[in-house]
Each structure stands twice: as structure tokens, then as C-alpha cells.
Amino acid sequence: MTFIRESITAIRMTLVLWLITAMIYPLAILIVGEAFFPFQANGSVLLNVEAQAIGSTLIGQTFTSDAYFHGRPSAVRYSQGEQASPTGISGASNLAPSNPALLERIMEEANELQEENIQPLAELIYSSGSGLDPHISLRATFQQLSRVAGARNIEEDEILRLINLYTDRRFLWIFGEPGVNLLRLNYALDLQDVNRL
């Protein structure tokens, strides 16, 4: 008789825990997120003036034009047409440091930066582990400032104001380093160009 009673108690506890952890908790998190943090809860997707999604501020984008600040290189091809991965898989290339293909890519990146008169900082030539970094350091941003200002035919001071605006500071003022969100910065530069016309 005690075995049946204990089995029923165990089944009840399992059902209650399942209800709490699989239904109530996720629903509560969803409601709180949508009510108080809708931008973050929906992927931090940045919309243009036509209310079209142009990218997530949490995921690095590929910018190749001289009129844009360039981010870290990425082994992930999530935003390049037919090569795009519909699953959003992230990750590094997994090439060993001695791999000739990796060394060749790094040398090409470094040479291109030197031709543009940009110091080849590590974050501009090495890809990240996730391949999704949306930020670069202030130092790497300032390295590209003259190129972007020249390509857009504007004063560097106008861009400096935007760099300060889209720099994410240290978390709780002590953790991490400040970083510039490139999607926000580059889109703000586009908006500024449109407003000047």
C-alpha cells in the first residue's frame, strides 16, 4: 500500500514541477519580457525608417564599403545572400593556428588594412570564437575614422559625436571594456547622410 501511495506522490510532484518549470515559469518570463523589455525580448532587431528589419544589434554584420566602419572578420556567413545560414549557426572556423588557409586570410586582412593606413589591430584581423560580435573597441573605431569621413565627405567631428552616442559602456561600470555597436553606428551615419540631402 505504501508503494502505491509513494508512487502517486512522486507522479504528483513530477506533474507539479513540470507545470511550474515547463509552463508557468516560461510564460511568466515571456510576459515580463514583452511588457518591460520588448526590444530585447524580440531579438534587439533594429528597424529602418520604413519599419523594415535591417539586423540585430546583438549580431555582427558584414560591412565592406569604405563609407562604413568594418567589424571583426567572421567565419559565419549568416548575412550574405544564398550563402546565408537559415539556422543562424554561430562558431569559429576551427582552423588551427598553423593552418595555411588561416595564415593566408590573416595576412590578406593585415595587408588590406595597412594599404588603408589602418593599424592591423587583432580584432580587425582575427575572427571571434562565436563569429557574432557586434562591437569593436574605440581604438579600432578611431583607426577607421578618417577613411569613413573621407568616403562620406563629412567632418570627423560629426562622426565622433555618433561614436560617443553608440558606444556601449562597461557593464555596471566595472565589467568589460567599452565597445562601439557597428550596426547602430553605420545606420546612424546613413540617416545623417539622408538628413543632409
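Residues numbered from 1 in each chain as written. Predicted model: local features only at pLDDT ≥ 70, side-chain atom pairs only at ≥ 80, totals over all residues. Heavy atoms only, no water.

As recorded in an unreviewed UniProt entry, the protein goes by Potassium-transporting ATPase KdpC subunit and comes from Nodularia harveyana UHCC-0300. Regarding the protein, the relevant UniProt record gives this comment under Sequence similarities (unreviewed entry): "Belongs to the KdpC family." (UniProt positions renumbered as here; feature names shortened; annotations may be inferred.)

Participant: Would you mind going over the overall build of the protein in detail, with residue names and values included?
Facilitator: Summing up its helical and strand segments, the protein has seven helices and five strands in all. The secondary structure elements of the protein, listed N-terminal to C-terminal, are α-α-β-β-α-α-β-α-α-β-β-α. With 197 residues in all, the protein has 27% of them scored as buried. Contacts spanning at least 24 positions in sequence make up 56% of the contacts within the protein whose residues lie at least 6 apart. Here the protein has roughly 13200 Å² of accessible surface; of this, 61% comes from carbon and sulfur atoms. (Helix = DSSP H or I, 4+ residues; strand = E, 2+ residues; numbered from the N terminus. Buried < 20%, exposed > 50% of the residue type's maximum accessible area, 1.4 Å probe, protein only. Contact = heavy atoms within 4.5 Å. Areas by Shrake-Rupley, 256 points an atom, 1.4 Å probe, with all protein chains shown as cover.)

Participant: Account for a nonpolar patch on the surface, with residues named and values stated.
Facilitator: Judged by side-chain polarity, Ile11, Leu15, Val16, Trp18, Leu19, Ile20, Met23 and Ile24 come together as a nonpolar surface patch covering roughly 780 Å² of accessible area. According to the relative accessible area criterion, tryptophan 18 is partly exposed, its value standing at 47%. (Patch = residues over 30% accessible without salt bridge, like charges linked within 9 Å, V, L, I, M, F, W, Y side chains within 5 Å. Salt bridge = Lys/Arg side-chain N within 4 Å of Asp/Glu carboxyl O.)

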